[in-house]
Amino acid sequence: MIQSPPSNSREPKTERLVCDLAVIGGGLSGVCAAITAARAGIKVVLVQDRPVLGGNASSEVRLWILGATSHMGNNNRWAREGGVIDELLVENLYRNPEGNPLILDTIILEMVVNEPNITLLLNTAVHDLEKSDADTIKSVRAFCSQNSTAYEISAPLFCDASGDGIVGFLAGAAFRIGAEARDEFGEALAPAKANNGLLGHTMYFYSKDTGRSVKFVPPSFALKDITKIPRWRDIKAGDYGCRFWWLEWGGKFDTIHDSEKIKWELWKVVYGVWNHIKNSGQFPEVETFTLEWVGTIPGKRESRRFEGDYMLAQQDLVEQRPHADAVSFGGWAIDLHPADGVYSAQPACMQWHSKGIYQIPYRSMYSRNIKNLFLAGRIISSSHIAFGSTRVMATCAHGGQAAGMAAAICAKDKLQPRDLLAAPRMQELQRDLLRNGQFIPGVSLDDPADLARRAEITATTELKLSALEPSGETLPLDASWAMMLPVQPGAMPKVEFLLDVTAPTVLRAELRVSSKPGNHTPDVTLATQEIKLVTGARVRVPLKFAAAMDVPRYAFVCLMANRDVSVHLSDQRVTGVLALAQKFNRTVAKSPRQEPPAGCGIESFEFWIPQRRPAGKNLALTIDPPLEVFGVANLTNGFARPTNQPNAWVADFSHEQPVLRLVWNEAQTIARIELGFDTDFDHPLESVLHGHPERVTPFCVREVVVAQPANVPVAAGTRGGGAPKSGTERLLFEIKGNHHSRQVIRLSRPVTTDCLELRLVAPTAHVPVALFEVRCYAT
Ligand SMILES: Cc1cc2nc3c(=O)[nH]c(=O)nc-3n(C[C@H](O)[C@H](O)[C@H](O)COP(=O)(O)OP(=O)(O)OC[C@H]3O[C@@H](n4cnc5c(N)ncnc54)[C@H](O)[C@@H]3O)c2cc1C
């Protein structure tokens, strides 16, 4: 028995933790920062005030994770974020294609607890801190109500990923709340005068069909008059979860300290909406439906934004301004909402897209006045307008990875965040990020430690793309369609399509490119052709445009809408080759062409977007001369996804089990091999609700054998040359059932060899083997 005499006061049990980096906030930015830092070898404490991880992506709020791909509704091709967030989304696709938020929770938790360098504190809220001097945080204090334990966490470096920026606030870091005036950064979208208007919170509900009649008696606090919501006619019986993103409120309040008040108003709205669905009589189809879940924590969109050494602004996004310290990127639209939210008569959001993705600089990821504080997530240093884009979770997570990697470098070399700006530290940070799957637009991996760069790489096959064979399926040209073809400088190859024509007509074809070679907005028309067609089936239509390409880039061969014409499709798919329609996705755009008001600093352009699988097939065609852009040189060019070219080695369709050989002119000791696969970076892989028709993306190679072959070919340039050496074959590693973008193969014992062989198996008969990169390391 434990007995304690009365006392005037008692202290809670206190644990003191010391680490290299304390990450506060277990949303996706904090999770990705913590995992990245831990994998880079430093000790991390991750503090999360709620019972599970993921922040707004968790089962407590249930937002789908999105980023630069914007639901595939913008022109940012192959723009899904890389690294840890990619690993998470690809694993979620594999385990949870139905988009169950509870399964997503388990994946995030598993990824964190699998890292031995992370100490995870759940249900633990940071509420106080101590500084060692005016500009330096020494420790943070937190409390877990579940185990009634206080924590004091000391570290040389802190990362605030708490959404509201509790650590930055308590430490005295410079921050802002509200919208900047137009003059401050010259942002044409900004209001003339600064104001306090914010994006509000939202609560979601899930409903489900029980199969028997269910009555709903609303709580007394539910909204009684649904017409108080100007958009009430948009309420659909079958909608739930993220589709009600516009049930938003609180943007005119203090979104931090009034959060509980905002929550009550949102409960009022949610139960009022469900009451309308169940009891208004307008939706007899929901007779058997019940409420399955209602959020208890509001999803927060906006509160503090902290000041770094650079504040990202509208022009950085729209003009895609380059930054020497780029460590991440964004691509979601500038997505701003009226501060009155659900009670506003204005449209619920205004989304303005850029023509391509934009870089995010490292200078936006640490506090300008608290020396040892990294910023991650929605609090990074950006204006209110730029925040409209940077705030989405995959972008936040990708930035978190950059902060985590920077922290690892700082911790190992006893540096402060700002110290990494100087060369060669910034190159080191960028290189470490790229090595781990981060994508930084325009920055290629230049890795001196990579032994594959010194090898002569050959393959038993290389695709020369001369045709995508027709499957027999056709697509009416109800909209304009284009094939995105990666072309090299010089004359545009002849492209021939196969058409069914139901009445004599004139078909217009256009050859377009993007004004910036790295973008995928076909905003420049190089040549047009008008083709007279007579009625007929399987009519061959050759297009020979009198145009030349200046640099390696994508050519958009467009067949403009024509209701008398259908185009034949192909079941064949190739990495870095896509068909697009000049359509729009209502979730993220209002029309097939973005038409902003004059003078708002946003560009007009057309959306050309792919269809989702199982549709989204290529147009059948022939190409003459064939496209020779899929060679082995791509494996070491430093890019691990399509950009202005596919950047992949691709085998011919006829080679189902191609072999890749790396031959060195002297023996190398290899302990680790890293491979980059095509998991379709064009696909956003929405994490919840959406659902996907596949568990593994069709381009992804699932089986690889790594071997030291018996007959070692001689590397070109080897002194003496001669016949191949022969010995005994050694199987070094086997991958089966891969579904990830990256595989890191750690050999049980390093191998010393002058030749490695990789044997790969094509995913299906319609999809050839593709690989973005192979890297080999001595340790
Ligand atoms: C309704 C709504 C719709 C949105 N739509 C989308 C969308 O469709 N797709 C998308 O990607 N993004 C969307 N966003 C934006 C996105 O959800 C947020 O901007 C994003 O979650 C911010 O990430 P974060 O890691 O900074 O913060 P969060 O995800 O909020 O994570 C911060 C974490 O820190 C924890 N924390 C806070 N204070 C403390 C403390 N004192 N101690 C310890 N832990 C603490 C919180 O509990 C939370 O788990 C939407 C936001 C809302 C609200």
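In case you missed it, the structure is sitting above this.
For the structure given in this document, a descriptive report is provided here. (Residues numbered from 1 in each chain as written. Predicted model: local features only at pLDDT ≥ 70, side-chain atom pairs only at ≥ 80, totals over all residues. Heavy atoms only, no water.)

### Brief notes about the site of the ligand
Now for step 1: Ser 29, Asp 49, Trp 64, Arg 391 and Met 393 are the nearest of the 33 residues found near the ligand.
Now for step 2: One of the side-chain N or O atoms of Ser 29 is found 2.5 Å from an oxygen atom in the ligand.
Now for step 3: The separation between a nitrogen atom of the ligand and a polar main-chain atom of Trp 64 is 2.8 Å.
Now for step 4: The fraction of the free accessible surface of the ligand (990 Å²) that becomes covered by protein chains is 93%.
Now for step 5: Of all the elements, strand β5 (residues 124–133) adds the most residues to the shell around the ligand, at three residues.
Now for step 6: Residue composition of the shell around the ligand, grouped by class: 15 nonpolar, twelve polar and six charged. (Near = heavy atom within 4 Å. Polar contact = N/O pair within 3.5 Å; in protein donor to acceptor, adjacent residues only side chain to side chain. Areas by Shrake-Rupley, 256 points an atom, 1.4 Å probe, with all protein chains shown as cover. Helix = DSSP H or I, 4+ residues; strand = E, 2+ residues; numbered from the N terminus. Nonpolar A, V, L, I, M, F, W, Y, C, P; charged D, E, K, R; others polar.)

### Some details on the packing of aromatic side chains
Now for step 1: Taken as a whole, this structure holds 16 aromatic pairs when the rule is applied.
Now for step 2: Both rings, one in Phe 329 and one in Phe 439, keep their centres 5.5 Å apart while their planes meet at 80 degrees; by these two values the pair is edge-to-face. One end of the pair, Phe 329, is in strand β15 (residues 326–330); the other, Phe 439, is in the loop between α10 (425–435) and β20 (456–459), with 110 residues separating them in the sequence.
Now for step 3: By relative accessible area, Phe 329 is classed as buried at 0%.
Now for step 4: Taken together, the ring pairs connect Phe 205, Phe 244, Trp 246 and Trp 274 into an aromatic cluster.
Now for step 5: Above the plane of the ring of Tyr 206 lies Arg 62, whose end atom (NZ or CZ) is 4.7 Å from the centre.
Now for step 6: Sitting above the plane of the Phe 169 ring, Arg 304 keeps its charged end 3.9 Å from the centroid. (Phe/Tyr/Trp six-rings, centres within 6.5 Å; stacked < 30°, edge-to-face > 60°. Buried < 20%, exposed > 50% of the residue type's maximum accessible area, 1.4 Å probe, protein only. Lys NZ or Arg CZ within 6 Å of the ring centre and 35° of its normal.)

### As for the side chain of His 71
Now for step 1: Of note, His 71 is situated in the loop between β3 (44–47) and α2 (84–95).
Now for step 2: His 71 gets classed as buried once you look at its relative accessible area, which sits at 4%.
Now for step 3: Side chain to side chain, His 71 and Glu 686 meet in a polar contact 2.6 Å long.
Now for step 4: With near-sequence residues (within four places) excluded, His 71 lies in contact with Trp 64, Leu 66, Trp 332, Asn 585, Thr 587, Val 588, Arg 612, Pro 684, Glu 686 and His 690. (Contact = heavy atoms within 4.5 Å.)

### Considerations on a nonpolar patch on the surface
Now for step 1: Together, Phe 169, Leu 170, Phe 175 and Ile 177 make up a nonpolar patch on the protein surface, roughly 300 Å² of accessible area in all.
Now for step 2: Along the chain, the position of Leu 170 falls in helix α4 (residues 166–171). (Patch = residues over 30% accessible without salt bridge, like charges linked within 9 Å, V, L, I, M, F, W, Y side chains within 5 Å. Salt bridge = Lys/Arg side-chain N within 4 Å of Asp/Glu carboxyl O.)

### Some thoughts on empty space enclosed by the protein
Now for step 1: Using the criterion set out here, one finds eight cavities of 30 Å³ or more in the structure.
Now for step 2: Roughly 190 Å³ of internal volume is contained in the largest cavity.
Now for step 3: Taken together, 20 residues form the lining of the largest cavity, with Leu 434, Gly 437, Gln 438, Ala 640 and Glu 773 sitting closest to its centre.
Now for step 4: Broken down by class, the residue content of the lining of the largest cavity amounts to nine nonpolar, seven polar and four charged.
Now for step 5: In this structure, the second largest cavity spans a volume of roughly 140 Å³. (1 Å grid on protein atoms, 1.4 Å probe; cavity = no way out; pocket = protein on both sides within 12 Å on 5 of 7 lines; lining within 4 Å. Points joined across faces, edges and corners; volume = space filled by probe spheres on them.)

### Some thoughts on the sheet that holds strand β23 (residues 481–487)
Now for step 1: Strands sit in the order β27-β26-β30-β23-β32 across an open sheet of five strands; the sheet is antiparallel. The outermost strands of the open sheet, each flanked by one partner alone, are β27 (524–533) and β32 (578–581). Taken over all neighbouring pairs, the strand axes of this sheet differ in orientation by 25 degrees on average, direction set aside.
Now for step 2: Bridge count for strand β26 (residues 505–513) against strand β30 (residues 553–559) is four bridges, and the pairing is antiparallel. From the neighbouring strand, Ala 509 faces β30, where its bridge partner is Leu 559. (Pairing = 2+ DSSP bridges. Axes fitted to C-alpha atoms, helices over the stretch in contact; angles between N-to-C directions.)

### Focus on unusual backbone geometry
Now for step 1: Residue Pro 424 is bonded to the preceding Ala 423 through a cis peptide linkage, with omega at 0 degrees.
Now for step 2: Cis geometry is found at the peptide bond from Asp 624 to Pro 625, where omega equals -5 degrees.
Now for step 3: Structurally, Pro 625 can be placed in strand β36 (residues 621–627).
Now for step 4: A positive phi angle is found at Lys 414, which is not glycine, with a value near 50 degrees.
Now for step 5: As for its position among the elements, Lys 414 is in the loop between α9 (393–413) and α10.
Now for step 6: A relative accessible area of 75% means that Lys 414 is categorised as exposed.

### A look at α10
Residues three or four positions apart in an α-helix share a direction because the helix packs 3.6 residues into each turn.
Now for step 1: Within α10, the full set of buried residues consists of Met 426, Leu 429, Gln 430, Asp 432, Leu 433, Leu 434 and Arg 435.
Now for step 2: Just downstream of α10 lies Gly 437, where phi reads positive at about 95 degrees.

### Some words on the side chain of Arg 304
Now for step 1: Relative to the elements of secondary structure, Arg 304 occurs in the loop between β13 (289–294) and β14 (305–306).
Now for step 2: Although Arg 304 lies buried, it forms no salt bridge, and the closest oppositely charged side chain, Asp 164, sits 5.9 Å away as judged by the N-O distance.
Now for step 3: Polar side-chain contacts of Arg 304 include one of 2.8 Å to the backbone oxygen of Asp 164.
Now for step 4: When neighbours within four sequence positions are excluded, Arg 304 is seen to be in contact with Gly 163, Asp 164, Gly 165, Ile 166, Phe 169, Phe 175, Arg 176, Ile 177, Ile 256, His 257, Arg 378 and Ile 379. (Lys, Arg positive; Asp, Glu negative; His and termini not counted.)

### Some points on the packing of helix α1 (residues 28–39) against helix α3 (residues 101–113)
The angle between the axes and the distance between the axes are what describe a pair of packed helices.
Now for step 1: At a minimum axis distance of 10 Å, the contact between α1 and α3 shows a crossing angle of 30 degrees. Considering the angle they form, α1 stands roughly parallel to α3. Handedness of the crossing formed by α1 with α3: left-handed. Residues Leu 28, Val 31, Ile 35 and Arg 39 of α1 touch α3, and the partners they reach there are Ile 108, Met 111 and Val 112.
Now for step 2: The residue inventory of the contact of α1 with α3, partitioned by class, reads six nonpolar, no polar and one charged. (Parallel < 35°, antiparallel > 145°, perpendicular 65-115°, else oblique. Left-handed = near helix turned anticlockwise from the far one by under 90°.)

### Some details on α3
Now for step 1: Helix length check: α3, at 13 residues, gives a terminal C-alpha distance of 19 Å against a target of 18 Å (1.5 Å per residue), a fit within 8%.
Now for step 2: Residues Pro 101, Leu 104, Asp 105, Ile 107, Ile 108, Met 111 and Val 112 constitute the buried set of α3. The buried residues of α3 occupy an angular sector of 165 degrees when projected down its axis, which confines them to one face.
Now for step 3: Looking at the buried residues of α3, the elements they touch are α1, β3, α2, β4 (118–121) and β11 (205–209).
Now for step 4: Its side-chain oxygen placed 2.8 Å from the backbone nitrogen of Leu 102, Asn 100 serves as the N-cap of α3. (Expected span 1.5 Å × (residues − 1). Arc of directions from axis to C-beta.)

### Topic: the nonpolar core
Now for step 1: Counting residues in hydrophobic clusters, the biggest one holds 111 residues, and the most contacted among them are Ile 65, Ile 153, Phe 374 and Leu 429.
Now for step 2: Per-element tally for this core: the top contributor is α9, with twelve residues.
Now for step 3: With 59 residues, the next largest nonpolar core counts Leu 463, Leu 485, Val 495 and Ala 581 among its residues. (Core = buried A, V, L, I, M, F, W, Y, C linked by side-chain atoms within 4.5 Å.)

### A look at the layout of surface pockets
Now for step 1: Put simply, the second largest pocket is a space of about 1,100 Å³.
Now for step 2: Surrounding the second largest pocket, 35 residues form its lining, Arg 39, Asn 436, Arg 742, Val 744 and Arg 746 being those nearest its centre.

### Focus on the sheet that holds strand β7 (residues 149–154)
Now for step 1: Pairing is mixed across the open sheet formed by four strands, whose spatial order is β1-β7-β6-β5. Both outer strands of the open sheet, β1 (13–18) and β5, are each paired with one neighbouring strand and no more. Between one strand axis and the next, the sheet turns through 20 degrees on average, direction left out of account.

### Observations regarding the environment of Asp 160
Now for step 1: Inspection of the secondary structure assignment puts Asp 160 in strand β8 (residues 157–160).
Now for step 2: As for Asp 160 and Arg 305, which are separated by 145 residues in sequence, their C-alpha atoms are 11 Å apart.
Now for step 3: When residues no more than four places from it in sequence are discounted, the contact partners of Asp 160 are Ile 24, Gly 165, Ile 166, Val 167, Gly 168, Leu 373, Phe 374, Leu 375, Ala 376 and Ile 379.
Now for step 4: In this structure the side chain of Asp 160 is engaged in a polar contact, spanning 3.4 Å, whose partner is the backbone nitrogen of Ile 166.

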